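# Secondary and tertiary structure notes
Single-letter residue listing:
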Amino acid sequence: MASLDPKQIDDLVLLTQNALIKRGAFVDLQSDLTDYVGVRELYKPHKKTFAGGLDWEFEAQVDHNHSARFVGLYENDGASIRDTFIMGKVSPRFVDAHYIYDTREPILQRGGIQVVDFVKSKYTSMIISYWELMESAIWGKPENSGDRKTPYGVPYWITKGASEGFTGLDPVGFTNGRAGISSVDYPRWANYSSPYTAVSKEDLIRKMRRAHRRTRFRSPISHATPNLGSMRNGIYTNDNVIGIFEEVLEASNMNLGNELASKDGKTMFKGTPVIYAPYLDNDSSDPVYMLDWKWLALGMLEGWMDKASAPAVVPGKHNVRSVFLDSGFNMVCTDLRRHAVFYKE
């Protein structure tokens, strides 16, 4: 078979990189994470597309106007103006990943399926790097407000409070608050939180039950709300916590038979699966996040989701090509009171 010229190689790479077939099996040892729960649970199903490159804005009404009163006959009217709306703003963040190849590499001279296998290995390496960074972003936060590159993650929006209640206030390093709204100035802009001592029915599970009741807000009137997705809850924790949850579940069930781990992977709370998120093993406080995806989502910049480029010549290396994957996104939350986090003291 005749060797392919660089243009033919580039065309074949472009043709195959987004339509990879199940060939060229290899053992994937590229990451220490056993699962990408943040990517699977948030990046793929819970996205909302925002148009334009400007800040994404949403409004919240943080109080009523306090005009209602008991009155007597012939009493003068009360008339006062009270501004109860606040504006939240979230800016998009950007991420890229890439792979490169030299058009003179021997495997590329063979053509056919060898090129497809080669592209698959290169493309997979790029995607794993991309997903690993995304997973860390979803379960992390920028160090402070001066960081304009790192996306907002769950710990940015859902913060740990010192006591039980709506005590999840402004994240460390963000004196102006989340989305530019300060919990100090607006106390209702806060998430539910509580420390716990033991993973037990009497401690953590009892507090989770209270949080479930206290975060289910219902307005007495119907009005439009800045929902970010359909109604669906998610509960996420690390290996330390979910292991004890499973043991608590087994201790409450007398029909285990001869299965030693009959409840592994089957833990539920109020009908919602409790999901093991391996990245949370990095958090020594053993957190449990209770999230409502109706009010929390990954905002995607229109036209900039997983945007793969065509092969391009690397400057100064005319035989080397680069392929880039770009996305514009950030995490957005429009109602903090629908979420809770628990952590070990």
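This write-up is about the structure you can find in this document. What you see is a predicted model; the values in this text were computed from it and never measured.

### Focus on the pattern of salt bridges
As enumerated under the stated definition, the model contains 6 salt bridges in all. The closest approach of N and O atoms between E57 and K89, which form a salt bridge, is 3.8 Å. Highlighted residues: E57 in strand β2 (residues 56-61) and K89 in strand β3 (residues 85-90), separated in sequence by 32 residues. Two residues, D335 and R338, come together in a salt bridge whose shortest N-O distance is 3.1 Å. Accessibility classification places D335 together with R338 in one group, the buried group.

### Some details on the sheet that holds strand β7 (residues 233-237)
Taken in spatial order, the 7 strands of this open sheet run β5-β6-β15-β10-β7-β9-β8, and their pairing is mixed. Each having just a single partner strand, β5 (165-168) and β8 (268-269) make up the two edges of the open sheet. In this structure, β7 lies alongside strand β10 (residues 288-292), joined through 5 bridges in antiparallel fashion. When the bridges of β10 are listed, Y236 appears paired with Y289.

### Description of the packing of aromatic side chains
Enumeration over the complete set of coordinates arrives at 10 aromatic pairs. Both rings, one in F166 and one in Y192, keep their centres 5.2 Å apart while their planes meet at 90 degrees; by these two values the pair is edge-to-face. With F166 in strand β5 and Y192 in strand β6 (residues 191-196), this pair connects stretches of sequence that are 26 residues apart. For F166, a relative accessible area of 30% translates into the label partly exposed. Assessed through its relative accessible area of 1%, Y192 is described here as buried. Within the aromatic cluster, the residues linked to one another by ring pairs are W139, Y236, Y289 and W293. The aromatic ring of W304 is capped on one face by K307, whose charged end is 4.0 Å from the ring centroid.

### A short note on unusual backbone geometry
The phi dihedral of K270 falls on the positive side, at around 55 degrees, and the residue is not glycine. In this fold, K270 is placed in the loop between β8 and β9 (272-276). Backbone geometry places D306, a non-glycine residue, at a positive phi of 50 degrees. Inspection of the secondary structure assignment puts D306 in the loop between β11 (296-301) and β12 (307-308).

### Some details on the side chain of S183
Mapped onto the elements, S183 comes out in the loop between β5 and β6. Given the relative accessible area of 4%, S183 is considered buried. Side chain to side chain, S183 and R178 meet in a polar contact 2.9 Å long. Looking at S183, its side chain comes within polar contact range of the main-chain oxygen of W189, at 2.5 Å.

### Details of the pairing of β11
A large share of β11 lies buried, amounting to 6 of its 6 residues. Pairing of β11 with strand β14 (residues 317-333) involves 5 bridges; the strand directions are antiparallel. Within β14, the residue paired with L296 across the bridge is C333.

### Considerations on the pairing of β14
The element β14 is largely enclosed, with a buried count of 13 among its 17 residues. Bridge analysis of strand β4 (residues 93-102) against β14 gives 10 bridges, and the strand direction is antiparallel. The partner of Y101 across the bridge, within β14, is R321. Judged from the 2 bridges that link them, β12 and β14 form a sheet pairing that is antiparallel. Across the sheet, residue A308 finds its bridge partner in β14, namely L325. Here strand β13 (residues 312-314) pairs with β14 via 3 bridges, running antiparallel. In the sheet register, V314 faces β14, and the bridge partner there is K317.

### Quick word on the environment of T334
With respect to the element layout, T334 can be found in the loop between β14 and β15 (340-344). Between the C-alpha atoms of T334 and A60, which are 274 residues apart in sequence, the distance is 7.7 Å.

### Here we look at the packing of helix α5 (residues 204-214) against helix α6 (residues 239-251)
Relative to each other, α5 and α6 sit at 95 degrees, their axes nearing to 12 Å. Between α5 and α6, the crossing angle belongs to the class labelled roughly perpendicular. Contacts between α5 and α6 pair L204, I205 and M208 from the former with V241, F245 and V248 from the latter. Split into classes, the residues belonging to the contact of α5 with α6 amount to 6 nonpolar, no polar and no charged.

Analysis parameters
- Residues numbered from 1 in each chain as written.
- Predicted model: local features only at pLDDT ≥ 70, side-chain atom pairs only at ≥ 80, totals over all residues.
- Heavy atoms only, no water.
- Salt bridge = Lys/Arg side-chain N within 4 Å of Asp/Glu carboxyl O.
- Helix = DSSP H or I, 4+ residues; strand = E, 2+ residues; numbered from the N terminus.
- Buried < 20%, exposed > 50% of the residue type's maximum accessible area, 1.4 Å probe, protein only.
- Pairing = 2+ DSSP bridges.
- Phe/Tyr/Trp six-rings, centres within 6.5 Å; stacked < 30°, edge-to-face > 60°.
- Lys NZ or Arg CZ within 6 Å of the ring centre and 35° of its normal.
- Polar contact = N/O pair within 3.5 Å; in protein donor to acceptor, adjacent residues only side chain to side chain.
- Axes fitted to C-alpha atoms, helices over the stretch in contact; angles between N-to-C directions.
- Parallel < 35°, antiparallel > 145°, perpendicular 65-115°, else oblique.
- Contact = heavy atoms within 4.5 Å.
- Nonpolar A, V, L, I, M, F, W, Y, C, P; charged D, E, K, R; others polar.

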